[in-house]
Amino acid sequence: MSRPPIRWWNSAALLAIVALVTTVVSVWRALKPDDPVNPADLAAVAIAASVATAAVVAWAKRRNTSANRPADVTKAADVLADLVRRQWQDEARNRLLDDPAPIPIRWQLTANGTVMSIPRLISTATEFTFAGRSDDIAALASDFRALTRRRLVITGGAGMGKTTLAIQLLLQLLSTRATDQTGAGEGEIVPVPVLLPVSGWDTGAHPRLQDWLTVRLVQDYPALVAPELGAGAAGALVSGGHILPVLDGLDEIPAPARAQVITALNASLTTRDQLILTSRRAEFTTAIHEVGRPLTATAVIVPQSLLSHTAADYLAACLPASPAQVWRQTLTALRSRTAPGLTQLAATPLGLWLIRTVYVTPGTDPASLTGPLGADADALRTHLLDHVIPAVIAARPPSTDPADHFRPRHRLDPDTTRRFLTYLAHAFPPATTRDITWWHIAHTTPHIRSTVGIALGFGLGIALGIVFGIIGTAFGSSYETASRIAARSAFGLALGLALGITFGLTSGLVRAKPWVNEKPGYADPRLRGRISLLFRSMKDALTFGLTIRLTIGIVSGLTLSFASLTLNVDLDSGISLRPGRINFFDLNFEFIFGFGLLVWLGITLASGLITWAEQPTLTSTSTPRSSWRADRALTLLRLVVAVLACGLVFGPLVGLDIATEIRTQHWDWEQLTILLMIWLAVGLTLGLGAGAVMGKHHAWLVCTIAVARLALQRRLPWRIMDFLDDAHRLGLLRAVGPVYQFRHAALHDHLAATAPSGEAS
C-alpha cells in the first residue's frame, strides 16, 4: 500500500513540542539553586505544557487525517461485489436453492394499481409487462434492467419465496456485472446489489437511506475500511450511486415503521438510485395507503400459487427415479387434488420445503400427507413445523469436514434444540424483530446490570486477592513462622477480595447499561499477510507517542517526583507533609524521564497493537460467527495489551518502591524473586482491571456473562455460537450479514406461539 508523504505539519508539531520543553527547562535552569520550587507554579507549568502539547498534536493529527488519499471507488466496488457474491453463493447452497432446481414460481405485475406509480414512470415500453419464473432468473433480471429506474418491490403471501427471489436476482446481477460494465454507456454506473434486512434501519436515527447504508456497509463488510481502499470508501460508494440496496422484509418491522420507511425511501431516492424491496402483500399495501403515495417509479410484482402438477413434479425430482409405493400414491393424490390440505400447502415454496425436509428422507413414511392431516392445510402445516427440527437433525449427522457446509459440527438433541430455539423465538419476538443478534441476547436476561456487576466484581476480587496474597507471602521473613506468613497471606487475600469485589461491583453497575447497548467491534489478530501492516502501525504509534504520550509521561513523572518530595510516606505513621522548602534540583530527573519513557513505550505499543488488529483486510466480511470472534479478539487483545502496558509501566515502579522501603540491605536472589513477583502481580491486576473496563466494545463480554446465566437456567447452551452455527448448517436458521434469522418466518412464528418448556427439567 502506498503511503502519503510526511507532511510539513508533522515536523512543525514535533518542533513545537521540543521548543516548549526546551523553554520550560531553560526557565527552570535560570532559577538559582537555592530558590525553592513553588508547588502552584510547578503545577501550572505542568498543566500548561500538557494542554499545549495536546492542542498541537491534535492539530497535527487533524491535518494528517485531511491528507489521507481519497477512496478508490472502482476498486472498492469490485471488492464489495466479490464479497457479496461469495457470501450469498454460500448462503444459497446452504438453503439448497438450486437442489435439485429452483422452485418454478411464476411472477407478474400486481393488478392493484393503487400501490404503483403510473406506468410511464416505471417503463418506457409501449406495453409494460414484467413476468417470468424463478427457474429462469436470467429473464427476470433482464426485465428488471429494462425498468426505467430499476426499482422493484417483490410482494406475496407468507412462504411464497420473496426472499429467495431477491437472492436469485442479486446473484444473477452480480454474475453479469462485468458484462454490464462493458456494455454500459459513458458515465453509466453498474451498482453492486447488497441485501440488507429492513429491520436494521432506524429512520429516526438515519432519515436518509444513504446514511444508514454507509453505516451498515461498514458493519457488514469491514473490508471497506481497509487502508488500501482509501478514506471513506463506503460513503463514496453510496453517495456515488454504486450500491443497489436489496431491502428484505418490510413486513417484519412494526406497522408504524413501515410507512416511515416508505416515506424515507421516497425522500432519499434520486433518479439514478435503484432499489429492490420485499414485503408481504397485505402489509405493503397498508403501508402505501397510509403514506398516501406509492414508491416512485417502482414496479410491484406478485407470485402465482404453484399448480398441483408443478408441485408434484418438483417433489418427484427430489426422489429416486423409482420412488416407493407410498410416495407414488402421495404424488398421485397431489396431482389429482384428492387431498385438499396437501394441495393447498404444496402450492407454496414454504409448504414444499416442509414436505421435502420432513419426509424426503430414507426411513420416513409420508402416509400422513394423504391421511386425515392431508384434508386440513393448517393442521398439516403445524404437524410439519413440529417435526422439522428432528427431521433435519436425523438427516444431517455431524461432520468435521470443512468442505461439508450442510452438516453440523456437533451432535444435537432434538428436544434440547427445540427448547433453545423456542427461547430465542420468544426472546426476539416476531412482532418486534426477525433478527437474532447475538449481542442483544443480554437484553433478554433479567437484571443484566447486576449480573455484569457481580461477574466483574468477583473476577477482579479474585485477581486482587491473589495479588495481595502473593505480596503477603513474598514479604514473609525466613525467620517468621509458617503460621504468621499464612496469616499475612490470608489477610492480603481477604483485603484483595474486598477491594476487588467493591470496585468490580461499582464499575459493573455503572458501566453495564451502556455496555449492553454496544455493538460488536472489529479485530483481526492473525499475523499471516499482515506483518508489514503491524510494523507500520507500531511505527506510527511510536512516532505519535514521541509527542503527546512522552510529554504526558514526563509530566506525570514530574508530578510523582514532586509528590515524593512533598509527602512523607511511612508504613507505620502513614502519610504526612515533609517540613521545609523544596529545591528544584532535588527532583529525581532519572525517575522523571524513566517514567516518561515507560509510559511512552507501554501505552504506544499497546495502542499500535490495537490499531493494527482493528485494520481489516480486503477479504474481511461480517458474519454472525466472525463478528462474535472479532469482538472476542478485541476484548482479549485489550486485556493482553493492558496487562503488558501496566506491567511495563507500573510493575517496576511499584515493585522497586516496595522492595526499597522494606528491604534495605543489598540485593540478593530472594529479593529479586520478590520484585519479580510484585512486578507480575501488580501488572496483571492493573492490566486486567483496565482492560476489562476500557474501550467501547464489550459485546462479547456482556454476551458471555448473559449466556452463562441463561445456560445455568437451561434456556441456552453454554457455547451459544457453536449452537447457532450448527442450526444454520442444518437449515433452521439463515444468515444475513452479522445476524441470524429463522429459515422461514413461519418457523419463527410457530415456535414463538409455543410455550417454553423444559427450562428447569
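Computed from a prediction, not measured in an experiment: that's the story for all the values here.

**Student:** Can you help me understand the overall build of the protein in this one?
**Tutor:** Counting its secondary structure elements, the protein contains 26 helices and 11 strands. Counting across all 761 residues of the protein, residues that qualify as buried make up 48%. For the protein, long-range pairs separated by at least 24 residues make up 80% of all intrachain contacts whose partners lie at least 6 apart in sequence. Element-wise, carbon and sulfur atoms account for 62% of the exposed surface of the protein, whose accessible area totals about 35300 Å².

**Student:** Help me understand the packing of aromatic side chains, please; the structure alone is not making it clear to me.
**Tutor:** Two aromatic rings are characterised by how far apart their centres lie and by the angle between their planes. A full pass over the atoms with the stated rule returns three aromatic pairs. Taking the centre distance of 5.4 Å and the plane angle of 90° together, the rings of Phe420 and Phe723 count as edge-to-face. Of this pair, Phe420 sits in helix α17 (residues 414-427) while Phe723 sits in helix α25 (residues 720-729), placing them 303 residues apart in sequence. Residue class for Phe723 comes out buried when judged on its relative accessible area of 5%.

**Student:** Is there a simple way to think about the sheet that holds strand β6 (residues 275-280) in this case?
**Tutor:** Through backbone hydrogen bonds, the strands of a sheet pair up, either in parallel or in antiparallel fashion. Sheet architecture is open: seven strands sit in the order β2-β1-β7-β3-β6-β5-β4, paired in mixed fashion. Both edges of this open sheet fall to β2 (132-133) and β4 (192-197), since each of them pairs with a single strand only. Bridging between strand β1 (residues 106-109) and β2 involves two bridges; their strand directions are antiparallel. Across the sheet, the residue bridging to Trp107 is Gly132, located in β2.

**Student:** Teacher, can you tell me more about the nonpolar core here?
**Tutor:** Most often, soluble globular proteins keep nonpolar side chains buried together rather than apart. Counting 145 residues, the largest nonpolar core has Leu80 and Phe284 as the members making the most contacts within it. Among all residues touching Phe284, those that are not within four sequence positions of it are Val115, Val153, Thr155, Leu250, Ile262, Leu277, Ser279, Leu295 and Val300. Counting 12 residues, the second-largest nonpolar core is a separate cluster that includes Ala523, Leu533, Leu609 and Val641.

**Student:** Which parts of the structure should I look at to understand the pattern of salt bridges?
**Tutor:** It is possible for side chains bearing opposite charge to pair when their charged atoms get close. This model, assessed by the stated rule, comprises 17 salt bridges. Arg85 is the salt-bridge partner of Asp82, the closest N and O atoms lying 3.5 Å from each other. Linking Asp82 with Arg85, this pair stays in helix α3 (residues 73-94), spanning three residues, or about one helical turn. Judged by relative accessible area, which is 33%, Asp82 ranks as partly exposed. Between Arg86 and Asp82 there is a salt bridge; the shortest N-O distance is 3.2 Å. Here Arg86 and its partner Asp82 are both found in helix α3, four residues apart, which amounts to about one turn of the helix. Salt bridges here are not isolated pairs; linked through shared partners, they connect Asp82, Arg85 and Arg86.

**Student:** Explain the pairing of β4 to me, please; I cannot follow it from the model alone.
**Tutor:** Taken residue by residue, a regular strand's side chains alternate between the two faces of the sheet. Most of β4 is tucked away: six of the six residues are buried. Of the pairings in the sheet, the one linking β4 to strand β5 (residues 243-248) comprises six bridges and is parallel in character. Bridge pairing in β5 links Leu196 to Leu247.

**Student:** Explain the side chain of Arg419 to me, please; I cannot follow it from the model alone.
**Tutor:** Along the chain, Arg419 falls in helix α17. Lacking a salt bridge, the buried Arg419 has Asp413 as its closest oppositely charged neighbour, with an N-O distance of 6.3 Å. There is a polar contact of 2.9 Å between the side chain of Arg419 and the backbone oxygen of Arg714.

**Student:** Help me out: how do you make sense of the environment of Asp78 in this one?
**Tutor:** Tracing the backbone shows Asp78 in helix α3. Owing to a relative accessible area of 37%, Asp78 belongs among the partly exposed residues under this scheme. Spatially, the C-alpha atoms of Asp78 and Ala178 are 9.6 Å apart, while their sequence positions differ by 100 residues. Those residues in contact with Asp78 that lie beyond four places of it in its chain are Arg177 and Gln181.

**Student:** Please clarify how unusual backbone geometry should be interpreted in this entry.
**Tutor:** In most cases, non-glycine residues show a negative phi, while peptide bonds are predominantly trans. Look at the link from Asp99 to Pro100: it is a cis peptide, with omega at 0°. Residue placement: Pro100 occurs in the loop between α3 and β1. Positive phi outside glycine occurs at Leu96, with the angle close to 55°. Its location among the elements puts Leu96 in the loop between α3 and β1.

**Student:** Would you mind showing me how to read the confidence of the model for the protein here?
**Tutor:** As a general rule, the predicted coordinates of low-pLDDT regions are not to be interpreted in detail. Here the protein averages 78 in pLDDT, while 64% of its residues score no lower than 70. Here residues 62-67 is modelled with pLDDT under 50, and outside its nearest four sequence neighbours on either side it reaches eight contacts, counting other chains as well. Contacts for the low-pLDDT stretch residues 569-577, under 50 throughout, to residues beyond four places or in other chains number 11 contacts.

**Student:** Looking at this structure, how should I read the environment of Gly230?
**Tutor:** Relative to the elements of secondary structure, Gly230 occurs in the loop between α8 (209-220) and α9 (233-239). When its relative accessible area of 15% is taken as the criterion, Gly230 is described as buried.

**Student:** Is there a simple way to explain the pairing of β5 in this structure?
**Tutor:** Among the six residues in β5, six count as buried, and that is most of the element. Residues Ile243, Pro245 and Leu247 line one face of β5 and the alternating positions Leu244, Val246 and Asp248 line the opposite face, and both faces are buried. Inspection of the sheet shows β5 paired to β6 by two bridges, in the parallel sense. In the strand pairing of β6, Leu247 is matched with Leu277. With helix α10 (residues 255-268) bridging β5 and its parallel neighbour β6, the resulting β-α-β unit is right-handed.

**Student:** I keep staring at helix α5 (residues 137-146) and nothing clicks. Help me out?
**Tutor:** Each α-helix winds once per 3.6 residues, and so residues spaced three or four apart point in a common direction. Within α5, the full set of buried residues consists of Ile137, Leu140, Ala141 and Phe144. With its buried residues spanning 100° around the axis, α5 presents them on a single face. Looking at the buried side of α5, the elements it contacts are β1, β2, β3 (151-156), α6 (162-175), β5 and β6.

**Student:** Would you mind showing me how to read helix α11 (residues 281-291) here?
**Tutor:** What α11 keeps buried is the set Glu283, Phe284, Thr285, Ala287 and Ile288. Where α11 terminates, the next one or two residues include Gly292, which has phi positive at roughly 95°.

**Student:** Sorry if this is basic, but what is going on with the environment of Arg293 here?
**Tutor:** With respect to the helices and strands, the residue Arg293 is situated in the loop between α11 and β7 (299-303). Residue classification places Arg293 among the partly exposed residues on the basis of a relative accessible area of 42%. When the C-alpha atoms of Arg293 and Val115 are compared, they prove to be 7.6 Å apart, with 178 residues separating the residues in sequence. Residues contacting Arg293, with those up to four places away along its chain left out, are Ile262, Asn266 and Ile288. A polar contact is formed between the side chain of Arg293 and the side chain of Thr296, at a distance of 2.7 Å.

**Student:** Before we go on, may I ask you to explain the packing of helix α16 (residues 377-395) against α17 in this structure?
**Tutor:** Where α16 contacts α17, the two axes come as close as 9 Å, and the packing angle between them is 125°. With respect to each other, α16 and α17 are oriented oblique. As for the relative orientation of α16 and α17, their crossing is right-handed in sense. Residue-level inspection shows Leu385, Asp386, Ile389, Pro390 and Ile393 of α16 in contact with α17, the latter providing Pro414, Thr417, Arg418 and Leu421.

The rules behind these values
- Residues numbered from 1 in each chain as written.
- Predicted model: local features only at pLDDT ≥ 70, side-chain atom pairs only at ≥ 80, totals over all residues.
- Heavy atoms only, no water.
- Helix = DSSP H or I, 4+ residues; strand = E, 2+ residues; numbered from the N terminus.
- Buried < 20%, exposed > 50% of the residue type's maximum accessible area, 1.4 Å probe, protein only.
- Contact = heavy atoms within 4.5 Å.
- Areas by Shrake-Rupley, 256 points an atom, 1.4 Å probe, with all protein chains shown as cover.
- Phe/Tyr/Trp six-rings, centres within 6.5 Å; stacked < 30°, edge-to-face > 60°.
- Pairing = 2+ DSSP bridges.
- Core = buried A, V, L, I, M, F, W, Y, C linked by side-chain atoms within 4.5 Å.
- Salt bridge = Lys/Arg side-chain N within 4 Å of Asp/Glu carboxyl O.
- Lys, Arg positive; Asp, Glu negative; His and termini not counted.
- Polar contact = N/O pair within 3.5 Å; in protein donor to acceptor, adjacent residues only side chain to side chain.
- pLDDT = per-residue confidence, 0-100.
- Right-handed = clockwise from strand over helix to strand, strands pointing away.
- Arc of directions from axis to C-beta.
- Axes fitted to C-alpha atoms, helices over the stretch in contact; angles between N-to-C directions.
- Parallel < 35°, antiparallel > 145°, perpendicular 65-115°, else oblique.
- Left-handed = near helix turned anticlockwise from the far one by under 90°.

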